[in-house]
Amino acid sequence: MSDNNKHNLVYFENPSMRGLYDAMTEWQRDANRRLLSITVQRDGDNYCCIALTNPTEVVITSADGHNHANVSRFGTLAVDGQ
């Protein structure tokens, strides 16, 4: 799993809502990633946003973490036990 997927929180702040929007749009364009969810609050004179990014890799496991989904090179899905 890449390190890029282990950190999925991003923080933005700007004195104007338009500036915050522009900063978030620029980040998405530069990072080539989507924001999964955001929350915007006022902090003093700034608009602040904590955003959760969309993961680049998803691992499907059973609830106990012992079985993992595996996609073969032919595109079939199987479950592997540890």
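Residues numbered from 1 in each chain as written. Predicted model: local features only at pLDDT ≥ 70, side-chain atom pairs only at ≥ 80, totals over all residues. Heavy atoms only, no water.

Participant: What's the story with the overall build of the protein chain in this structure? I'm lost.
Facilitator: Scanning the protein chain from N- to C-terminus turns up one helix and five strands. For the protein chain, the N- to C-terminal ordering of α and β elements is β-α-β-β-β-β. Looking at the protein chain as a whole, 15% of its 82 residues are labelled buried. For the protein chain, contacts bridging at least 24 residues in sequence account for 38% of all contacts bridging at least 6. By element, 51% of the accessible surface of the protein chain is carried by carbon and sulfur atoms, the whole surface being about 6400 Å². (Helix = DSSP H or I, 4+ residues; strand = E, 2+ residues; numbered from the N terminus. Buried < 20%, exposed > 50% of the residue type's maximum accessible area, 1.4 Å probe, protein only. Contact = heavy atoms within 4.5 Å. Areas by Shrake-Rupley, 256 points an atom, 1.4 Å probe, with all protein chains shown as cover.)

Participant: Got a minute to help me understand helix 1 (residues 17–31) in this structure?
Facilitator: Turn by turn, an α-helix covers 3.6 residues, leaving residues three or four places apart pointing in a common direction. Taking 1.5 Å per residue as the helical rise, helix 1 with its 15 residues ought to reach 21 Å, and the 21 Å between its terminal C-alpha atoms agrees with that figure. Taken together, the buried positions of helix 1 are Gly 19, Leu 20 and Met 24. An end-on view of helix 1 places all buried positions within 135° of arc, on one side of the element. For helix 1, exposure combined with an orientation more than 90 degrees from the buried face picks out Arg 18 and Arg 29. Against strand 1 (9–14), strand 2 (35–43) and strand 3 (46–53) lie the buried residues of helix 1. (Expected span 1.5 Å × (residues − 1). Arc of directions from axis to C-beta.)

Participant: What is the right way to look at the side chain of Arg 33 in this model?
Facilitator: Here Arg 33 is to be found in the loop between helix 1 and strand 2. Within the structure, the side chain of Arg 33 is placed 3.1 Å from the side chain of Thr 53, a separation counted as a polar contact. (Polar contact = N/O pair within 3.5 Å; in protein donor to acceptor, adjacent residues only side chain to side chain.)

Participant: I tried to follow the nonpolar core on my own but got confused; where do I start?
Facilitator: Counting seven residues, the largest nonpolar core is built from Val 10, Phe 12, Leu 20, Met 24, Leu 35, Cys 49 and Ala 51. Listing elements by their share of this core, those giving two or more residues are strand 1, helix 1 and strand 3. Beyond its immediate stretch of four places on either side in the chain, Cys 49 contacts Val 10, Tyr 11, Phe 12, Leu 20, Met 24, Ile 38, Thr 39 and Val 40. (Core = buried A, V, L, I, M, F, W, Y, C linked by side-chain atoms within 4.5 Å.)

Participant: Explain the sheet that holds strand 1 here, please?
Facilitator: Hydrogen bonds between backbone atoms are what pair the strands of a sheet, whose relative direction is either parallel or antiparallel. Here we have three strands laid out as an open sheet, ordered 1-3-2, and antiparallel in their pairing. Bordering the open sheet on either side are strand 1 and strand 2, each of which pairs with just one other strand. Pairwise comparison of adjacent strand axes, ignoring direction, gives a mean angle of 20° for this sheet. Taken together, the eight bridges between strand 2 and strand 3 define a ladder with antiparallel strand orientation. Opposite Leu 35, over in strand 3, you have Thr 53 as the bridge partner. (Pairing = 2+ DSSP bridges. Axes fitted to C-alpha atoms, helices over the stretch in contact; angles between N-to-C directions.)

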